[in-house]
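A look at the structure
In case you want the letters, here they are:
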Amino acid sequence: MTASRPSAPTPPRPDSARRRGPVLERAILDAALDQLATVGWGGLTMEGVAAGARTGKAAVYRRWPSKEDLVADALRAGMPPLDEAPDSGGVRDDLYEVCRRVRDALWSAPGVALRSVLHECDAGTAERFHAVIVRGMIEPSTRVLREVIHRGVRRGEVRPEAVSDMVVDVIPAMMMYRTKVCGSEWTDAEIARMIDEVGMPLLRA
């Protein structure tokens, strides 16, 4: 009778204890975004996020004392960056590229999650997350737009008076309104039409 061989030891499952610092924090933030996408703000719990990140609830609470703090950081960390102005040589093409980046941010996983949070949570919490969208999306996009417009002024494509808060706010405000209220997904063709019918007439020298 052949003696049975001892079975090979089962490889240990990846353990959250091996993940520390930024690696574990990134896993928790990603799990929070996944929870928002699947169960929404009302269904998101710290326990569910911990399970999704394969860590203990204590590891989550050590870093974020409430789900509001956790979700705010998850949204900020996941939002696509809008920090560099394109320079194609013409203001029309630069505006078009900025708007495509804003569109991609609005329809990214964090952007969709943020809009769902704003719809579901109470007024006080919504106000806090409104600040996230202002600092994470609106302010960076207007800063980049302002740089594009200043460059257009230097090239003689844009009238100097167009560098004003009201004019700079028009394009992001229109994109946010039509995304939030009308559900527009902003195809490339729609962005081009907005630039040609709204943006350039506002700026043209």
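All of the points below concern the structure found in this document. Quick caveat, the model's predicted, so the values are computed rather than measured. (Residues numbered from 1 in each chain as written. Predicted model: local features only at pLDDT ≥ 70, side-chain atom pairs only at ≥ 80, totals over all residues. Heavy atoms only, no water.)

**Digging into the overall build of the chain**
Threshold: Secondary structure elements are taken from DSSP: a helix is a run of H or I of four residues or more, a strand is a run of E of two residues or more, and numbering for both begins at the N terminus. A contact between two residues is defined here by any heavy atoms of the two lying within 4.5 Å. Method for areas: the Shrake-Rupley scheme with a 1.4 Å probe, in which residue coverage is limited to the protein chains shown. We score Asp and Glu as negative and Lys and Arg as positive, and we do not count His or the chain ends. Where a charge lies is defined by one atom per residue type, namely NZ (Lys), CZ (Arg), CG (Asp) and CD (Glu).
Across its full length, the chain holds nine helices and zero strands. Along the chain, helices (α) and strands (β) appear in the sequence α-α-α-α-α-α-α-α-α when read from the amino end. Counting only contacts in the chain whose residues sit at least 6 apart along the sequence, the fraction spanning at least 24 positions is 70%. As displayed, the chain offers around 11,400 Å² of accessible surface, 54% of which is attributable to carbon and sulfur atoms. Computed over 29 positive and 29 negative side-chain charges, the inter-centroid distance for the chain is 7 Å.

**Section: the packing of helix α7 (residues 123-155) against helix α8 (residues 165-180)**
What counts here: The convention used is that axes are lines fitted to C-alpha atoms, helices contributing only their stretch in contact, and that angles between N-to-C directions extend from 0 to 180 degrees. Roughly parallel covers angles under 35 degrees, roughly antiparallel covers those over 145, roughly perpendicular covers 65 to 115, and oblique covers all other angles. The crossing is said to be left-handed when, going from far helix to near helix, the turn is anticlockwise and less than a right angle, and right-handed when the turn is clockwise. Ten residues, namely Ala, Val, Leu, Ile, Met, Phe, Trp, Tyr, Cys and Pro, are considered nonpolar, four, namely Asp, Glu, Lys and Arg, are considered charged, and the remaining ones, Gly among them, are considered polar.
The interhelical angle for the contact between α7 and α8, taken along N-to-C directions, is 130°, at an axis separation of 10 Å. Taken together, the axis directions place α7 and α8 in an arrangement best described as oblique. For the pair α7 and α8, the crossing hand works out as right-handed. In contact with Ile133, Met137, Ile138, Ser141, Thr142, Leu145, Arg146 and Ile149 of α7, α8 contributes Asp165, Val168, Asp169, Ile171, Pro172 and Met176. Residues belonging to the contact of α7 with α8 are distributed by class as follows: nine nonpolar, two polar and three charged.

**Some thoughts on the side chain of glutamine 35**
Our working rule: For the exposure calls, accessible area comes from a 1.4 Å probe over protein chains only, and a residue counts as buried if that area is under 20% of its type's maximum, exposed if over 50%, partly exposed in between.
Looking at the element boundaries, glutamine 35 is found in helix α1 (residues 21-43). Residue class for glutamine 35 comes out buried when judged on its relative accessible area of 16%. Once you skip the residues sitting within four places of it in the chain, glutamine 35 turns out to touch Gly40, Gly43, Leu44, Thr45, Gly48 and Val49.

**Remarks on the packing of aromatic side chains**
We apply this condition: Each aromatic pair joins two rings of Phe, Tyr and Trp (for Trp, the six-membered one) with centres within 6.5 Å, and gets the label stacked for planes under 30 degrees apart, edge-to-face for over 60, and tilted for any other angle. A ring is considered to have a charge above it if a Lys NZ or an Arg CZ atom is located within 6 Å of its centre and within 35 degrees of its normal.
Following the criterion strictly, the structure yields zero aromatic pairs and no others. Positioned above the aromatic ring of tryptophan 41 is the side chain of lysine 67, whose terminal nitrogen or guanidinium carbon lies 4.3 Å from the ring centre. Positioned above the aromatic ring of tyrosine 96, the side-chain terminus of arginine 92 is 5.7 Å from the ring centre.

**Regarding the pattern of salt bridges**
To be explicit about the condition: For this analysis, a salt bridge means a side-chain nitrogen from Lys or Arg found within 4 Å of a carboxyl oxygen belonging to Asp or Glu.
Tallied over the full model, the rule gives 20 salt bridges. For aspartate 93, the salt bridge goes to arginine 92, with nearest N and O atoms at 3.6 Å. The exposure class of arginine 92 is partly exposed, given its relative accessible area of 27%. Residue glutamate 97 is joined to arginine 100 by a salt bridge in which the shortest nitrogen-to-oxygen separation is 3.3 Å. One end of the pair is glutamate 97 and the other is arginine 100, both in helix α5 (residues 91-106) and three residues apart, which spans about a single turn. Classification of glutamate 97 by relative accessible area gives partly exposed; the value is 25%. One salt-bridge network, in which partners are shared between bridges, spans Asp87, Asp94, Glu147, Arg151, Arg155 and Glu157.

**Things to note about the environment of valine 117**
As for its position among the elements, valine 117 is in helix α6 (residues 109-120). Along the backbone, valine 117 and leucine 44 are 73 residues apart, and their C-alpha atoms lie at a distance of 11 Å. Apart from residues no more than four positions distant in its own chain, valine 117 is found in contact with Leu36, Trp41, Val71 and Phe129.

**Quick word on unusual backbone geometry**
The phi angle at arginine 54 is positive, at roughly 55°, despite the residue not being glycine. Looking at the secondary structure, you find arginine 54 in the loop between α2 (46-52) and α3 (57-63). Residue arginine 54 is classed as partly exposed on the basis of its relative accessible area of 42%. With a phi angle near 55°, tryptophan 186 is a residue other than glycine that sits in the positive phi range. Here tryptophan 186 shows up in the loop between α8 and α9 (188-203).

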